[in-house]
Amino acid sequence: MSFHPQMPYGTPAWHKSERKLPDEGPAFEFTAEQKAKFDEIVTRYPADRRRSALLPALYLVQEQQGHITGNAIAYVAGLIGCSRADVEDVVSYYVMFFTQPVGKYVLGVCRTLGCALNGAGRVTEELCRHLHIAPNETDATGTFTVMEMECLGACDRGPVIMVNNEHWHECQRPEDVPQLLEGLRERGLAALSGCHLKKE
Ligand code: FES
């Protein structure tokens, strides 16, 4: 008998964590250049608050090898001085940390209400249709990964796509998708229209 008469005894489906830990991957350590960046970043925090540098350290890992592996997690935990589980918690919480290889361009389509009402779902569908993939997959050429994300902070200009965690493309309509993909292939990040944050 469970604690509730209508609820079956045992572990119900909703109680199972879907969290998948990343593969261990090859041995990892920062290159001299990345280590120098990390060493500068930790100076911004008090010595007893070293773990405050965790997010930037993980971005440095991603910058170096594209995604975050188990060995990279262990390495960062050692550098920061926290447990591996602490780092895993952060990596699995934030969608901008990738635990599998991704394409050259990661297209994160906002699916929150403002963008959803403006047709973000159809933008995702069109991206996936053109690339012959499903959300969270990478196309056969390794150029594009499509993900769905929550509010990207440009709700007045939806549907919004965040590219590689740093660049914004806004007011995207489903019929604009071929032009966006072609533009990224031919002109790279210069093809993006976003007025928010970094634009090269
Ligand atoms: S709802 Fe899409 S950016 Fe806020």
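Here, every reference points to the structure presented above.
In this text, all values refer to a predicted model and were calculated from it rather than measured experimentally.

Enquirer: Could you clarify how one ought to interpret the overall build of the protein in this entry?
Expert: On a plain count of helices and strands, the protein comes out with seven helices and five strands. Along its sequence from the N terminus, the protein presents helices and strands in the succession α-α-α-α-β-α-α-β-β-β-β-α. Within the span of the protein, comprising 200 residues, buried residues form 42% of the whole. For the protein, the accessible area works out to roughly 11700 Å², and carbon and sulfur atoms hold 52% of it.

Enquirer: When you look at the environment of V76 in this model, what are you seeing that I'm missing?
Expert: Along the chain, the position of V76 falls in helix α3 (residues 70-80). Ignoring any residue separated from it by four or fewer positions in sequence, one finds V76 in contact with L54, A57, L58, V61 and V87.

Enquirer: Is there a simple way to think about the packing of aromatic side chains in this case?
Expert: Aromatic ring pairs are reported here in terms of the distance separating the ring centres and the angle at which the planes meet. According to the stated counting rule, one finds eight aromatic pairs in the structure shown. Relative to Y94, the ring of Y93 lies with its centre 4.9 Å away and its plane at 90°, an arrangement referred to as edge-to-face. A relative accessible area of 62% means that Y93 is categorised as exposed. Three or more aromatic residues joined by ring pairs make a cluster, and in this case those are F28, F30, F38 and Y75.

Enquirer: I would appreciate a short explanation of the side chain of H67 in the present structure.
Expert: Examined against the element boundaries, H67 turns out to sit in the loop between α2 (54-65) and α3. By relative accessible area, H67 is classed as buried at 15%. Ignoring anything within four residues of it in the chain, the contact list for H67 reads V61, Q62, F98, T99, Q100 and P101.

Enquirer: Where do I start with the nonpolar core in this structure?
Expert: Side chains of a nonpolar character, in soluble globular proteins, are inclined to be buried together. Judged by nonpolar contacts, the single largest core of 30 residues is most densely connected at L107, L127 and I161. Put simply, the parts of the chain that give this core at least two residues each are β1 (105-110), α6 (120-131), β3 (144-149), β4 (161-163) and α7 (177-187). Among the nonpolar cores identified, the runner-up in size contains 24 residues, and F30, I68, Y75 and L79 belong to it.

Enquirer: I keep staring at the side chain of T124 and nothing clicks. Help me out?
Expert: Mapped onto the secondary structure, T124 falls in helix α6. Here T124 is in contact with V109, P135, V146 and E148, once residues within four sequence places are set aside.

Enquirer: Any chance you could explain unusual backbone geometry here in plain terms?
Expert: Only a minority of non-glycine residues have a phi that is not negative, and only a minority of peptide bonds are not trans. Of the consecutive residues G158 and P159, the connecting peptide bond is found in the cis state with omega at -5°. Positionally, P159 belongs in the loop between β3 and β4. Residue H132 is not a glycine yet carries a positive backbone phi of 60°. Owing to a relative accessible area of 73%, H132 belongs among the exposed residues under this scheme.

Enquirer: What should I look at first to understand α6 in this one?
Expert: Residues three or four positions apart in an α-helix share a direction because the helix packs 3.6 residues into each turn. Here α6 is 12 residues long and its end C-alpha atoms lie 17 Å apart, about the 16 Å a rise of 1.5 Å per residue gives. Within the sequence span of α6, burial applies to A120, V123, T124, E126, L127, C128 and L131. On its buried face, α6 sits against β1, α5 (113-117), β3, β4 and α7. At the exit of α6 stands H132, carrying a positive phi of roughly 60°.

Basis of the calculations
Residues numbered from 1 in each chain as written. Predicted model: local features only at pLDDT ≥ 70, side-chain atom pairs only at ≥ 80, totals over all residues. Heavy atoms only, no water. Helix = DSSP H or I, 4+ residues; strand = E, 2+ residues; numbered from the N terminus. Buried < 20%, exposed > 50% of the residue type's maximum accessible area, 1.4 Å probe, protein only. Areas by Shrake-Rupley, 256 points an atom, 1.4 Å probe, with all protein chains shown as cover. Contact = heavy atoms within 4.5 Å. Phe/Tyr/Trp six-rings, centres within 6.5 Å; stacked < 30°, edge-to-face > 60°. Core = buried A, V, L, I, M, F, W, Y, C linked by side-chain atoms within 4.5 Å. Expected span 1.5 Å × (residues − 1).

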